[in-house]
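# Residue-level structural notes
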Amino acid sequence: AQRVTQPEKLLSVFKGAPVELKCNYSYSGSPELFWYVQYSRQRLQLLLRHISRESIKGFTADLNKGETSFHLKKPFAQEEDSAMYYCALSDSNAGGTSYGKLTFGQGTILTVHP
Amino acid sequence: GAGVSQSPSNKVTEKGKDVELRCDPISGHTALYWYRQRLGQGLEFLIYFQGNSAPDKSGLPSDRFSAERTGESVSTLTIQRTQQEDSAVYLCASSPQGLAGNTIYFGEGSWLTVV
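Residues numbered from 1 in each chain as written. Chains lettered and ligands numbered in written order. Predicted model: local features only at pLDDT ≥ 70, side-chain atom pairs only at ≥ 80, totals over all residues. Heavy atoms only, no water.

### Some details on the interface of chain B and chain A
Many structure descriptions define interface size as the accessible area lost when the parts assemble. Taken together, the 24 residues of chain B in the interface contact 24 residues of chain A. Roughly 1900 Å² is buried in total at the junction of chain B and chain A, and carbon and sulfur atoms are behind 52% of that figure. We note a salt bridge from A:R43 to B:E108, for which the minimum N-O separation is 3.8 Å. Viewed at the interface, chain A and chain B are joined by six residue pairs in polar contact (both at pLDDT 80 or more). Looking at the side of chain B that touches chain A, the elements that each hand over two or more residues are β4 (31-37) and β5 (43-50) of chain B. Within the side of chain B that touches chain A, the residues separate by chemical class into 11 nonpolar, 11 polar and two charged. (Contact = heavy atoms within 4.5 Å. Buried area = accessible area lost by both parts, 1.4 Å probe. Salt bridge = Lys/Arg side-chain N within 4 Å of Asp/Glu carboxyl O. Polar contact = N/O pair within 3.5 Å; in protein donor to acceptor, adjacent residues only side chain to side chain. Helix = DSSP H or I, 4+ residues; strand = E, 2+ residues; numbered from the N terminus. Nonpolar A, V, L, I, M, F, W, Y, C, P; charged D, E, K, R; others polar.)

Here is the structure:
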């Protein structure tokens, strides 16, 4: 069964410091991984996906199949980055009833102090 | 509508009563998800609908929970004989085809409080 683990429930950094939110996964197929973010009083929304290899709001995430990780990084954190971050994995086994289903980690609350 | 719509936005119910939560997905989205988010905890998968396929009900916590979807539109999550531990935000989400890699779009959630 697919599983996503975010070992840190809380993470605090100061503005301008680097930040890394950890995510590890367990999946038998070729993983499709995402980071979702929930800012205060807003809907949960997509931040970035690994297949796009994009940088959004200064965040990047690299899929490391050897370490089964998809850590989210930003070199210089900003106060507006304070939010709940979820790592998610999509079931990519075509033909199964759960094809496309997203499994989320437990989330990490990031607080960036001024 | 422009996004996933959920109703009611807030519901307070007495222990033992039944509740229904409604989700209107984005038009044309074939995949629909229900998740639960308890206070201070992460997202818990409940059920997944994809087109005409049999739903993935593997996340429903007990037989008091059930969900239906009419075609590729509205879904209703029903909780029977509610318990205090059912208090949570119930999030609905939809995606265009449910294919791996598609973005899913979340509603604002239905806050359920069981007293």
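Here the narrative resumes.
### What about the nonpolar core?
One recurring pattern in soluble globular proteins: nonpolar side chains tend to sit buried together. Counting residues in each nonpolar core, the largest one holds 25 residues, and the members touching the most others are A:W35, A:L72 and A:Y85. Among the secondary structure elements, those contributing two or more residues to this core are β2 (10-14), β3 (19-21), β5 (32-38), β6 (45-49), β9 (83-90) and β11 (108-113) of chain A. Looking at this core element by element, the count peaks at four residues for β9(A). Of all hydrophobic cores here, the second largest spans 20 residues; its members include B:V4, B:L32, B:W34 and B:L77. (Core = buried A, V, L, I, M, F, W, Y, C linked by side-chain atoms within 4.5 Å. Buried < 20%, exposed > 50% of the residue type's maximum accessible area, 1.4 Å probe, protein only.)

### Observations concerning the environment of B:L91
Residues and elements named next belong to chain B. Along the polypeptide, L91 turns up in strand β8 (residues 88-95). Residues L91 and W111, 20 residues apart in the sequence, show an inter-C-alpha distance of 8.8 Å. Residue contacts for L91: discarding those within four places in its chain leaves Q6, Y33, W34, Y35, Q37, L43, F106, G107, E108 and G109.

### What about the state of the cysteines?
Residues and elements named next belong to chain A. This structure, assessed with the given rule, holds two disulfides over all chains. The residue that forms a disulfide with C23 is C87, at a sulfur-sulfur distance of 2.0 Å. Across the S-S bond of C23 and C87 the torsion is about -65 degrees, and the bridge reads as left-handed. With C23 in the loop between β3 and β4 (24-26) and C87 in strand β9, the pair connects residues that are 64 residues apart, well separated along the chain. Judged by its relative accessible area of 0%, C23 falls in the buried class. (Disulfide = S-S within 2.5 Å.)

### Concerning the environment of B:I26
Residues and elements named next belong to chain B. Tracing the sequence through the fold places I26 in the loop between β3 (19-24) and β4. C-alpha of I26 to C-alpha of V74: the two residues are 48 residues apart in sequence and 9.6 Å apart in space. In contact with I26, not counting residues within four places along its chain, are A2, G3, V4, S94 and Y105.

### Remarks on the sheet that holds strand β1 (residues 5-7) of chain B
Residue and element names in this part refer to chain B. Read across the open sheet, the four strands follow the order β1-β3-β7-β6; overall the sheet is antiparallel. Each edge of the sheet is formed by a strand with only one pairing partner; in this case those strands are β1 and β6 (65-69). The mean inter-strand angle of the sheet, taken between neighbouring strand axes irrespective of direction, is 15 degrees. As paired strands, β1 and β3 are joined by three bridges and run antiparallel to one another. In the strand pairing of β3, S7 is matched with R22. (Pairing = 2+ DSSP bridges. Axes fitted to C-alpha atoms, helices over the stretch in contact; angles between N-to-C directions.)

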